[in-house]
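# Commentary on secondary and tertiary structure
Here are the chains, one letter per residue:
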Amino acid sequence: MAEKKNVVEFKNQAYQVETQAPGLTDESINEAKKLIGVDLRVGRATVEVTKDLIRNYCNMNDCVNPLYLDENYARKSKWGGIIAPPPLVGQIGNAIIDTGLRGVHGYQVGEDWHWYQVVELGDVLVSRSKPIDAIEHHGKTAPRMIEQITKRQIWNQRGELVCDCWFHVMRIPRASGGKGGLSYEPRLHNWTDAEMNKFMTDSAAEKVRGCTPRYWEDTKVGQEMEPIVVGPLRNVDTAFIGGKPASYDNGGSFVYTLLRRREHPADTYVDPVTGAQDHPHRGHYEEYLARQIGMPGRYDGGPTRNSIMARYVADWMGDDAFLQKCWVTLRRPRLVADVVWGNGKVTKKWIEGNDHLVEVETFLANQDGEKNAVSRAVVILPSQANL
Amino acid sequence: MVMNLTVDYPELTGSAIAEARKLIGVPLRRYPGFTEATRGSIMNWARSIGDRNPLYMDDYHGRLSRYGGLIAPPLWLYAIDDTIVSPKLPGIHCIYGAVDWEFFKIVRMGDTFTTEVCVADVIEKQSEFCGRMVMQVGEVKYYNQKKELVAKASPKILRTPRKAAQGKNKYGEIQKHHYTREELTALEDSVDEEKWQGAIIRYWEDAQEGELLTPIVRGPLSSEDVKLFIQNTNPVKSYRRFMQYLERHPLCAFKDPASNIWEGWENQLLDDKVAKSMGFPFAHDCGLQRVAILSNLVTNWMGDDGFLVKFGVELNLPWIYGDTMYCKGKVTRKYEENGRHLVDLQIWGENQSGVALTANGYATVELISKSARDDERKLV
């Protein structure tokens, strides 16, 4: 009967899966590269940029800049109306694309964005994604991991390319397999009431640059950005925040999940109590499953944190600037109850044609000082020379 | 094991009830999840209840329908206002107990909405679940951009003191169901065989009193299903937006004893321990989704040309994760009223063991009559 456990059964088919948590081998890298260059169905999306989408998205990355939310304010800005937050544009479509290596977990570990123009309210964005590379890594937390890089391109309704995005998904075996999974110790931070109250006061006091232009001339290399504080992450935030700029042509509940499972039987998790099929994604907000896949606790979605990183820079640069590039790398999970502090500084300043550019480097660190995300961004600032 | 949460669960007091009564008839501030019917908001919502009708997702199908384009399922209006009308009584739990809907207009793609919301009544009750409790009857009116009244909902929100419910432990004996291979196969069969009337007109003449509707099956329920529904109906406020709300409503959250962070009560939908502390057997569904799924039974049956006129249901047991809901219904009456050809349905949902998850479900559907001339088949 022991082998029966490893069969994922549907009414007309049964899949013999070696284990619910397979490991990675020397051959895995070839499998991870198999679909390179293929325009994947799962990567296709068409999304209308509506007020509802922007509002819900800004709730997800804790953005309060009225440029994205308040029509009267936005009308007076350089853009003449509400525009979409840059990370929203860059995240149109499916956040995780992990081809091959069935049953090996995929974690979103970063996004690199290049934006070419702003997106206005009412625009319709179309995205397509193709895997472009796979790289094998060896680390302390897991002996072997495979990073899959996918290029996502986003066009508007006029067929103009508005954003290129390279996103990185790390494939790491689930810990329950016992071979090569993540080796995190479980943790959950405990705060005092005074600390809790301080986060509330601190985050409420934060200001965005808004309509005061940040001139290139006034910006100096080495200049520090005003810090931000985000969190604590609640369990319900990991599950019930909306604003995902994806179209669910490929998603949905009940019958839609059944159809997906039939296509991807190895990604099916069988609940030991009910015997019903489910998805290990539940580890984001259920302790038991988080431990099964090897995470130290319930954890945030990678795209949420990437989005917070881009939002930090966009809030700093002001409404007259244009965020041109942002590369985000996630290094460690952000768990439920974790608070993260963002810091950054200007690292470079130069002129290219008519554009006055600065480069900033930012990071997020949690209460233990662990840097769990880093980013580098390039911003076109307004210049007094162009006034 | 019951969780010891660091916010005291307040008792239900007479003065708190009197405070709640003061708001009867007063227009309430709302936090809509969505305000516009767009292709995305309709399709994503429909898919989150497992609806497969192309009328809500496929432009081409919508174009050929009598509406000339995509429309929204009637209960999609939950995304405009979730009808949880429960002001005051801080710290007293909210259960979505029942709802009565009346529909007047179709929701088309591109429509935008405003609502008028108030409490219509506050009634004290006794229950097996928690002893003394309060029922808040709400009134939610939905208007489109032309200021037309599109629908009216009358939700009944039960306010149950958590400590009392924990003490009564009404569902103490409930166990999770373990499915056999045969049961799972039968479930898959029902999903594969689900039928919707679609573009083929269901004529009023063809409906028979006593006729059974083809059941629809949803489950086994997973937190992933509930998550998707909430994301597409009314996502939770997070970070600073949550903290602002918390300042005005200090009992809208509890402090998780393990981390001491403010955690939302929505956590009862994810965490068995939290659900148990409020008198529930396990983490479970959100009632709105159950109502919405039951309406899917009716929209599947009536077809693209039918119009849902009235719809209502009571929710009587939590739909716990792992359980499956079978939605069933039958035609109880067929009649003409003011020139409309109507059919009354009785509808209900039960779990895999035949235990009723809903009570007193009903729907009134307007169907097209073979006798109607084309110009009488007017659009709503």
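Along every chain, residues carry numbers that run from 1 in the direction the sequence is written. Note on labels: chains are lettered from A, ligands numbered from 1, in written order. Where totals are concerned, whole chains, interfaces and linings use all residues; where local detail is concerned, this predicted model gives features only for residues with pLDDT of at least 70, and gives and counts side-chain atom pairs only at 80 or more. Each side-chain value is derived from all of the structure's non-hydrogen atoms; neither hydrogens nor water enter the calculation.

### Notes on the confidence of the model for chain B
- Each residue carries a pLDDT value, the predictor's own confidence for that position, ranging from 0 to 100. With 96% of its residues at a pLDDT of 70 or more, chain B shows a mean pLDDT of 93.
- Scoring the predicted complex yields pTM 0.95 and, for the interface, ipTM 0.94.

### Observations regarding the pairing of strand 13 (residues 355-366) of chain A
All names here are of chain A.
- Working definition: with a 1.4 Å probe on protein chains only, accessible area under 20% of the residue-type maximum means buried, over 50% means exposed, and in between means partly exposed. Secondary structure elements are defined from DSSP: runs of H or I of at least 4 residues count as helices, runs of E of at least 2 residues count as strands, and each element is numbered from the N terminus. With 9 of its 12 residues buried, strand 13 lies for the most part within the structure.
- The pairing criterion is simple: DSSP has to find at least two bridges between the two strands. Looking at chain direction, strand 12 (residues 340-352) and strand 13 are connected through 12 bridges and run antiparallel. Its bridge partner being in strand 13, Glu352 is matched across the sheet by Asp355.
- Hairpin connection from strand 12 to strand 13: 2 residues lie between these consecutive antiparallel strands, with Gly353 at a positive phi of about 60 degrees.
- Note that strand 13 and strand 14 (residues 371-381) share 10 bridges and pair antiparallel. If you follow Leu364 over to strand 14, its bridge partner there is Ala373.
- The antiparallel pairing of strand 13 with strand 14 creates a hairpin that spans 4 residues between the two strands, and Gly369 there sits at a positive phi of about 80 degrees.

### Observations concerning the packing of aromatic side chains
Residue and element names in this part refer to chain B.
- For this analysis, a ring pair means two rings from Phe, Tyr or Trp (six-membered ring only for Trp) whose centres lie within 6.5 Å, classed as stacked if their planes differ by under 30 degrees, edge-to-face if by over 60, and tilted for the remaining angles. Tallied over the full model, the rule gives 15 aromatic pairs over all chains.
- Here the aromatic rings of Trp45 and Phe229 are separated by 5.9 Å at their centres, their planes lie at 50 degrees, and the arrangement is tilted. With Trp45 in helix 2 (residues 39-48) and Phe229 in helix 6 (residues 223-233), the pair connects residues that are 184 residues apart, well separated along the chain.
- With relative accessibility at 0%, the residue Trp45 sits in the buried group.
- Centre to centre, the rings of Tyr78 and Trp101 are 5.4 Å apart; their planes meet at 80 degrees, and the pair counts as edge-to-face.

### Digging into the interface of chain A and chain B
- Chain A puts 70 residues into the contact, and the matching count from chain B is 70 residues.
- Take the accessible area each of two parts loses on contact, using a 1.4 Å probe, and add the two losses: that sum is the buried area. Both faces combined, the contact of chain A with chain B buries some 6000 Å², and carbon together with sulfur accounts for 52% of it.
- One side-chain nitrogen of Lys or Arg within 4 Å of one carboxyl oxygen of Asp or Glu is enough to make a salt bridge. Where Asp62(A) meets Arg240(B), a salt bridge forms, and the shortest distance between an N and an O atom there is 3.2 Å.
- For the purposes of these results, a polar contact is taken to be a pair of N or O atoms within 3.5 Å, where, inside protein, one atom must be able to donate a hydrogen and its partner to accept one; residues adjacent in sequence count only when each atom of the pair is a side-chain atom. Across the chain A-chain B interface, the total number found is 43 residue pairs in polar contact (both at pLDDT 80 or more). Contacts are assigned to residue pairs that have any heavy atoms within 4.5 Å of one another.

### Some remarks on unusual backbone geometry
- In the segment running from Gly231(A) into Pro232(A), the intervening peptide bond is cis, with an omega of 0 degrees.
- Within the secondary structure layout, Pro232(A) lies in the loop between strand 8 (228-230) and helix 6 (235-240).
- Between Gly219(B) and the following residue, Pro220(B), the backbone shows a cis peptide bond with an omega angle of -5 degrees.
- Inspection of the secondary structure puts Pro220(B) in the loop between strand 5 (216-218) and helix 6.
- For Lys147(B), which is not a glycine, the phi torsion comes out positive at approximately 65 degrees.
- Along the chain, Lys147(B) falls in the loop between strand 3 (131-144) and strand 4 (149-160).
- Despite not being glycine, Asn260(B) has its phi angle at roughly 65 degrees, a positive value.
- As for its placement among the helices and strands, Asn260(B) is situated in the loop between strand 6 (253-255) and strand 7 (262-264).
- Given a relative accessible area of 13%, Asn260(B) falls into the buried group.

### Describing the pattern of salt bridges
- Counted under the stated rule, the structure contains 49 salt bridges over all chains.
- Of the charged contacts in the structure, one is a salt bridge between Asp202(A) and Lys198(A), with a shortest N-O distance of 2.8 Å. Taken together, the residues span about one helical turn, with Asp202(A) and Lys198(A) both in helix 5 (residues 193-205) at a distance of 4 residues.
- A salt bridge links Asp100(B) to Lys156(B); the nearest nitrogen and oxygen atoms lie 3.0 Å apart.

### Some thoughts on empty space enclosed by the protein
- Here a cavity is any set of points on a 1 Å grid over the protein atoms alone where a 1.4 Å probe fits but cannot get out, and a pocket is any open set with protein on both sides within 12 Å along at least 5 of 7 lines; a residue lines the site when it has an atom within 4 Å of a point. Grid points are joined across faces, edges and corners, and a volume is the space filled by probe spheres set on the points. With the rule as written, the count across this model stands at 4 cavities of 30 Å³ or more.
- Each pocket or cavity is described by its volume, and for the largest cavity that value is around 260 Å³.
- Taken together, 20 residues line the largest cavity, and the ones lying closest to its centre are Leu53(A), Lys244(A), Phe34(B), Gly40(B) and Asn44(B).
- Every element with two or more residues in the lining of the largest cavity is listed here: strand 3 (45-48) and helix 2 (51-60) of chain A together with helix 2 and helix 6 of chain B.
- Following the grouping adopted for this structure description, the nonpolar residues are Ala, Val, Leu, Ile, Met, Phe, Trp, Tyr, Cys and Pro, the charged ones are Asp, Glu, Lys and Arg, and the polar ones are all others, Gly among them. Residue composition of the lining of the largest cavity, by class: 5 nonpolar, 12 polar and 3 charged.

### Considering the packing of helix 6 of chain B against helix 9 (residues 287-302) of chain B
All names here are of chain B.
- Throughout, an axis means a line fitted to C-alpha atoms (over the contacting stretch in the case of helices), and angles, computed between N-to-C directions, take values from 0 to 180 degrees. Interhelical geometry of helix 6 versus helix 9 gives an angle of 90 degrees and a closest axis separation of 10 Å. In terms of orientation, helix 6 lies roughly perpendicular with respect to helix 9. Between helix 6 and helix 9, the residues in contact are Asp225, Val226 and Phe229 and Leu288, Gln289 and Ala292, respectively.
- In the contact of helix 6 with helix 9, the residues fall into 4 nonpolar, 1 polar and 1 charged. Here the angle decides the label: under 35 degrees means roughly parallel, over 145 means roughly antiparallel, 65 to 115 means roughly perpendicular, and every other value means oblique.

### What about the nonpolar core?
- By size, the foremost hydrophobic cluster in this structure holds 189 residues, and its most contacted members are Trp76(B), Leu77(B), Trp101(B), Phe311(B) and Leu345(B).
- The greatest single-element share of this core, amounting to 9 residues, is contributed by helix 9 of chain B.
- In contact with Leu345(B), not counting residues within four places along its chain, are Leu213(B), Val298(B), Trp301(B), Lys330(B), Val331(B), Thr332(B), Gly361(B), Tyr362(B), Ala363(B) and Val365(B).
- By size, the runner-up hydrophobic cluster in this structure holds 13 residues, among which are Val109(A), Ala142(A), Tyr184(A) and Met295(A). Within this scheme, the nonpolar core is defined by two criteria: the residues are buried Ala, Val, Leu, Ile, Met, Phe, Trp, Tyr or Cys, and they are joined through side-chain atoms within 4.5 Å.

### A closer look at the sheet that holds strand 13 of chain A
All names here are of chain A.
- Spatially, 10 strands are ordered 3-5-6-7-4-11-14-13-12-8 in an open sheet, and the strand pairing comes out antiparallel. Edge positions in the sheet fall to strand 3 and strand 8, since each has one partner strand and no second. Shown here is a sheet whose adjacent strand axes are inclined to one another by a mean of 25 degrees, direction ignored.
- Note that strand 11 (residues 322-330) and strand 14 share 8 bridges and pair antiparallel. Residue pairing across strands places Val328 opposite Ser375, the latter belonging to strand 14.

### Structural notes on the sheet that holds strand 2 (residues 113-127) of chain B
All names here are of chain B.
- One open sheet holds the 9 strands; their spatial order is 2-3-4-1-8-11-10-9-5, and the pairing between them is antiparallel. Either end of the sheet is taken by a strand with one partner, and the two such strands are strand 2 and strand 5. Neighbour-to-neighbour, the strand axes of the sheet open up by a mean angle of 20 degrees, direction not taken into account.
- As paired strands, strand 8 (residues 307-315) and strand 11 (residues 358-366) are joined by 7 bridges and run antiparallel to one another. When the bridges of strand 11 are listed, Phe307 appears paired with Glu366.
- Sheet contacts for helix 9: strand 1 (93-103), strand 5, strand 8, strand 9 (325-337), strand 10 (340-350) and strand 11; angle to strand 8, the most-contacted strand, approximately 145 degrees.

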